[in-house]
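The residues making up each chain are set out below.
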Number of protein chains: 2
Amino acid sequence: MRSIMELGEKKVIKAIIDCLDKMPAMPIPFGDDVSAVELDRNRLVVVKTDMLVGKTDVPPGMSLKQAARKAVVMNISDFAAKGVRPLAVLSSLGLPQSFTDEDVRQIGLGLNEGAREYGTYIIGGDTNEASDLVISCSLLGVCGKRRLVKRSGARPGDLVATTGFFGKTAAGLKILLEGSHAPRGLRKVLAEAVLLPRARLKEGLALAEAEALTASIDSSDGLAWSLHELSEASNVGFTINSVPMAPEAIEFAESHGLDPLELSLYGGEEYELVVTVRPELCGKASKALLACGATLMRIGKVTEEKKIELKTNGETRPIQRRGWEHFRA
Amino acid sequence: MRSIMELGEKKVIKAIIDCLDKMPAMPIPFGDDVSAVELDRNRLVVVKTDMLVGKTDVPPGMSLKQAARKAVVMNISDFAAKGVRPLAVLSSLGLPQSFTDEDVRQIGLGLNEGAREYGTYIIGGDTNEASDLVISCSLLGVCGKRRLVKRSGARPGDLVATTGFFGKTAAGLKILLEGSHAPRGLRKVLAEAVLLPRARLKEGLALAEAEALTASIDSSDGLAWSLHELSEASNVGFTINSVPMAPEAIEFAESHGLDPLELSLYGGEEYELVVTVRPELCGKASKALLACGATLMRIGKVTEEKKIELKTNGETRPIQRRGWEHFRA
C-alpha cells in the first residue's frame with residue numbers, strides 16, 4: 001500500500017477512474033476540464049465540479065469573500081476553456097464550527113459576486129460541518145456538440161497561443177505565502193492576481209464562436225503543466241518560442257534574484273487560456289479576442305514529435321511537467 | 001456575531017440565500033430538494049449537490065466503500081423524491097493525507113456502486129487534500145416541467161403517504177454510535193439500514209409517472225422534519241393517524257425501553273419518500289408502487305390549519321420539528 005502523498009494527484013485520479021464503469025458513448029473523456037451528457041443530436045449538457053479547501057487553496061491574506069468568489073471563478077475558468085457559457089452554479093459548503101454568522105455572510109457575498117461577474121447565478125446548494133473550510137462548486141451549461149473545444153484536438157502545424165501573460169500569481173503567492181517584499185503598487189497587482197483571479201470567459205466564448213481552436217485548456221496548474229496535459233490528450237508535442245511573461249513578474253523576479261521564466265512556466269493558479277489554433281484561422285481568432293479587449297499571444301507551434309521544448313535565442317531546453325499538484329509534499 | 005452552532009443549519013442557509021441575487025424565473029425555489037434551469041418550454045435541466053463529511057456522516061463501522069456509495073445514494077434520494085431520473089454523477093473528493101491507494105480504490109468502487117445501482121454513471125470529478133474525508137456529489141438530470149414534484153404543491157384534503165417504514169436507521173445508529181446491543185439477525189438489519197441506504201428511485205419515478213402526487217420530499221432528516229418542511233413549503237398542516245414503524249425498530253425499542261414512535265418520527269438518515277397524493281388518484285399511485293414491489297402507506301391527511309398533529313386512539317399530540325440538523329451540538 002502506498003500513501004496518496006507518494007502517489008500524487010494524477011495517480012490518485014487514475015486509481016478512481018479505474019474503478020468506474022464508463023458511460024457508453026461518453027461525449028467527453030475523463031480528464032478533460034468538463035464532463036457532459038448528450039442532450040440530443042446536436043447538444044450537450046455540460047457540468048463541472050471543483051472543490052476549494054481552506055488548507056490548500058486559501059493563502060494568508062485572502063478573505064472569506066475572496067475565497068468563495070475564487071471557488072466559483074476556478075470552475076468558470078474551465079467552462080471558459082471549453083467555450084461553454086455557465087447557466088447556473090451549485091455550491092456545497094463545509095463550514096468549521098468556529099465560523100460566525102458574519103463569516104457565512106461573507107461566503108454568501110463571495111459566491112454571489114463570483115457568479116454575477118460571469119452573468120450566472122447560484123441556484124442551490126448544501127451546507128455541512130467540516131474541519132476545514134470546503135467550498136465545492138458545480139457548474140451547469142448547455143452547448144452545441146461541435147462547439148465544445150476539447151483538450152484532444154491539437155494537430156501538428158497548429159499555432160499555440162495564450163490569452164495573456166503569466167507569472168503574476170507565482171510572484172503574488174511568494175508575497176502572500178513567504179512574505180516576500182515588493183513596493184506597494186507592485187505588491188497590489190501581484191497579490192490581486194492571487195486574491196481576485198479573473199476567468200477568461202468572454203475570451204473563451206469568443207474563441208469558440210470563431211471556431212478557430214483545435215484544443216484548449218485553462219492554466220490553473222501552470223503554463224508548463226497545461227502544455228503537458230494538452231500534449232498528452234492530443235498526442236502531439238510543442239515548440240514554444242516565447243513565454244509571455246508579465247512585466248510585473250519580471251520586475252518582481254529581478255528584485256529577488258529569481259528567474260521570471262520559472263515563475264511564468266511553473267507557477268500555477270493562473271487563469272489564462274492555453275489554446276491551439278488552426279493556422280488559417282489565426283487572424284479570425286485574433287480579431288475575436290480583440291473585440292473583447294484581449295490579445296491572442298502566439299507562443300509556439302504544435303509538433304508531431306511528442307516533446308515540449310522551449311526554443312529561444314538559438315537555445316533549446318525541455319519544458320518540464322511541473323506545476324501545482326495535490327498530494328505532493 | 002453569533003456562532004453557526006447557535007444559528008443551526010436552517011438559519012445558516014437563510015443567511016447565504018439572503019446574499020444571493022435570484023435567477024429570474026427560477027423554476028424551482030431555493031429550499032426544495034433539487035435545483036433547475038429551464039432547458040426549453042417543456043423541459044428542465046435538474047441538478048443537485050450534497051456533501052458527505054467523514055466527521056458527521058460516516059458512523060463507526062461504515063467502510064470507505066459504503067461511505068462513497070452513500071454519498072451518491074443520498075443525492076439519488078433527492079432526485080427520487082422529485083421523480084427525476086439521474087443521468088450522470090460528478091464527484092468531488094477531499095482526501096486526508098493519511099489515505100492510501102487502497103483507500104482511494106475503495107472510494108472509487110463505492111462511487112461506482114452507488115451510481116450503477118440506480119442506472120447512472122460517474123462522469124467526472126475532482127480530487128483535493130482535506131483534513132476530513134469529504135465526498136461532494138452532484139447529480140444531473142433532464143425532466144418534463146410538469147412532471148417534477150415540488151415540496152410546495154400539497155393541498156388540504158390530499159392524502160399523506162410514505163413509501164415504507166421508519167425507525168430502523170435510528171435504531172441502527174444507536175447500535176453503531178452508542179454500542180447498543182441487539183441479537184445478531186436484528187443487528188444486521190438495523191446496521192444495514194444505516195450502512196447501505198437505498199434510495200426509492202424506481203418508486204419516485206413510478207409515482208411521478210402516475211401524476212398522482214401534489215408534493216414530495218425524501219426523509220433524510222427524519223419523518224417529522226420532512227412533514228414540517230412540506231408544511232412550510234405548501235403552507236398547509238397535517239393530521240397523521242398512523243406512523244409506519246418498522247417491526248425491527250419496535251423490537252429494538254422494546255428491548256431497550258425506548259419509544260419506537262420516537263425512533264420513527266425523529267430519527268433521520270431515513271430514505272423513504274414522504275408524499276401528498278390527490279385523493280382521487282390514490283388507487284393509481286398505489287398500483288404504480290405495487291408494480292415496482294413497494295407499498296403506498298397512507299399515514300394521514302393534509303389540513304388547512306398549519307398544525308402538524310399525531311391523532312391516534314383518540315389522543316392528539318403535536319409532531320415537533322426535530323430531526324437531524326447540522327450545526328447543532
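All values derive from a computational prediction rather than experimental measurement. (Residues numbered from 1 in each chain as written. Chains lettered and ligands numbered in written order. Predicted model: local features only at pLDDT ≥ 70, side-chain atom pairs only at ≥ 80, totals over all residues.)

1. Notes on the interface of chain B and chain A
As a reminder of what qualifies: Any pair of residues counts as being in contact when their C-beta atoms, constructed from backbone geometry, are within 7 Å of one another. In DSSP terms, a helix is any run of H or I states spanning at least four residues, a strand is any run of E spanning at least two, and both are numbered starting from the N terminus. Each residue gets one label: Ala, Val, Leu, Ile, Met, Phe, Trp, Tyr, Cys and Pro are nonpolar, Asp, Glu, Lys and Arg are charged, and the others, such as Gly, are polar.
Tallying the contact residues gives 66 residues for chain B and 66 residues for chain A. Looking at which element gives the most residues to the side of chain B that touches chain A, the answer is helix α5 (residues 101-117) of chain B, with nine residues. Taken together, the residues of the side of chain B that touches chain A sort by class into 35 nonpolar, 18 polar and 13 charged.

2. Digging into the confidence of the model for chain A
For the record, the criterion: Per-residue confidence from the predictor is reported as pLDDT, which spans 0 to 100.
Here chain A averages 95 in pLDDT, while 98% of its residues score no lower than 70. For this predicted complex, the interface confidence reaches an ipTM of 0.94, while the overall pTM sits at 0.95.

3. Focus on the nonpolar core
In plain terms, the rule: Under the definition applied here, buried Ala, Val, Leu, Ile, Met, Phe, Trp, Tyr and Cys residues are grouped into a nonpolar core through C-beta atoms within 7 Å. Put simply, a residue is buried when 20 or more other C-beta atoms lie within 10 Å of its own C-beta and exposed when 12 or fewer do; between those, it is partly exposed, and each C-beta is set from the backbone.
Formed by 220 residues in total, the largest nonpolar core has its most connected members in V89 and L207 of chain A together with V89 and L207 of chain B. Once residues lying within four places of it in the same chain are set aside, the contact partners of L207 of chain A are G83, A212, L213, V275, A285, A288 and L289 of chain A.

4. Observations regarding the sheet that holds strand β10 (residues 297-303) of chain B
Residue and element names in this part refer to chain B. Under the convention used in this document: For two strands to be treated as a pair, DSSP must find at least two bridges joining them. Where helices are involved, their axes are fitted lines through C-alpha atoms of the stretch in contact, as for all axes, and angles between N-to-C directions lie from 0 to 180°.
A sheet is described by the order of its strands in space; here seven strands give the open sequence β7-β9-β6-β10-β8-β11-β12, paired in mixed fashion. Looking at strand neighbours, the two that pair on one side only are β7 (213-218) and β12 (315-318), the edges of this open sheet. Strand-to-strand twist across the sheet, computed as the mean angle between neighbouring axes with direction ignored, equals 25 degrees. Bridge analysis of strand β6 (residues 159-162) against β10 gives four bridges, and the strand direction is antiparallel. Across the sheet, A161 pairs through a bridge with R298, a residue of β10. Strands in contact with helix α4 (residues 64-82) are β7 and β9 (273-277); relative to β7, the strand with the most contacts, it is inclined by about 170 degrees.

5. Observations regarding the environment of V73 of chain B
Residues and elements named next belong to chain B. Relative to the helices and strands, V73 is located in helix α4. A residue is classified by how many C-beta atoms lie within 10 Å of it, and V73, with 25 of them, is buried. Separated by 84 residues in the primary sequence, V73 and G157 place their C-alpha atoms 32 Å from one another. Not counting the four nearest positions on each side in its chain, V73 is found in contact with G114, P197 and A199.

6. Digging into the relation of the copies chain B and chain A
Which entries qualify depends on this criterion: When the copies are superposed, the least-squares fit draws on C-alpha atoms of residues that have pLDDT of at least 70 in both.
For the pair chain B and chain A, the relating rotation is 180 degrees, the translation along its axis is 0.0 Å, and the fit reaches an RMSD of 0.0 Å. Both chain copies can therefore be described as sitting about a two-fold axis. Interface overlap between copies: 100% of the residues of chain B at the interface are likewise at the interface in chain A, consistent with a symmetric, same-surface contact.

7. Brief notes about helix α12 (residues 282-291) of chain A
Residues and elements named next belong to chain A. Just so we agree on the cut-off: The reported arc concerns the directions from the helix axis to the C-beta atoms and nothing else.
A285, A288 and L289 are the residues of α12 that are buried. Looking straight down α12, one finds its buried side chains confined to an arc of 95 degrees; they lie on one side. Of the residues trailing α12, G293 is marked for its positive phi of about 80 degrees.

8. Let's talk about the sheet that holds strand β4 (residues 122-129) of chain B
Residues and elements named next belong to chain B. The five strands lie next to each other as β1-β2-β5-β3-β4, forming an open sheet whose pairing is mixed. This sheet does not close on itself; its edge strands, each paired only once, are β1 (35-38) and β4. Along the sheet, successive strands turn relative to each other by an average axial angle of 15 degrees, direction set aside. As defined by bridge partners, strand β3 (residues 88-95) adjoins strand β5 (residues 134-144) across seven bridges and the pair is classed as antiparallel. Looking at the pairing, S91 lines up with C137 of β5. Contacting β2 (43-53), β3 and β5, α4 runs over the sheet at an angle of about 145 degrees to β2.

9. Observations regarding the domain arrangement of chain A
Residue and element names in this part refer to chain A. Defined as follows: All domain edges in this entry derive from an automatic or database-based domain assignment.
You can read the domains of chain A as domain 1 (4-144) and domain 2 (159-318). If you average the C-alpha positions of domain 1 and of domain 2, the two centres end up 22 Å apart. Taken together, the contact pairs 20 residues of domain 1 with 23 residues of domain 2.

10. Considerations on unusual backbone geometry
Glycine aside, a negative phi is what most residues show, and trans is what most peptide bonds show. Residue and element names in this part refer to chain B. Even without glycine at this site, A25 takes up a positive phi of about 50 degrees. Its location among the elements puts A25 in the loop between α2 (9-17) and β1. Assessed through the 7 C-beta atoms surrounding it within 10 Å, A25 is described here as exposed. Unlike most non-glycine residues, E269 shows phi in positive territory, near 60 degrees. One can find E269 in the loop between α11 (260-266) and β9. Note on E269: 22 C-beta atoms within 10 Å, which makes it buried.

11. Some remarks on the packing of helix α8 (residues 201-209) of chain A against α12 of chain A
Residue and element names in this part refer to chain A. Here is the rule: Note on convention: near helix rotated counterclockwise from far helix by under a right angle means a left-handed crossing. Clockwise means right-handed.
Close contact between α8 and α12 brings their axes to 9 Å; oriented N to C, the two are set at 145 degrees. Note that α8 runs across α12; the crossing there is right-handed. Residue-level contacts link E203, A206, L207 and E209 of α8 to A285, A288, L289 and A291 of α12.

12. Notes on the pairing of strand β9 (residues 273-277) of chain A
All names here are of chain A. Taken across its five residues, β9 has five buried, putting it largely inside the fold. The alternating pattern of β9 places L273, V275 and V277 and V274 and T276 on opposite faces, both of which are buried. Taken together, the five bridges between strand β7 (residues 213-218) and β9 define a ladder with antiparallel strand orientation. Opposite D218, over in β9, you have L273 as the bridge partner.

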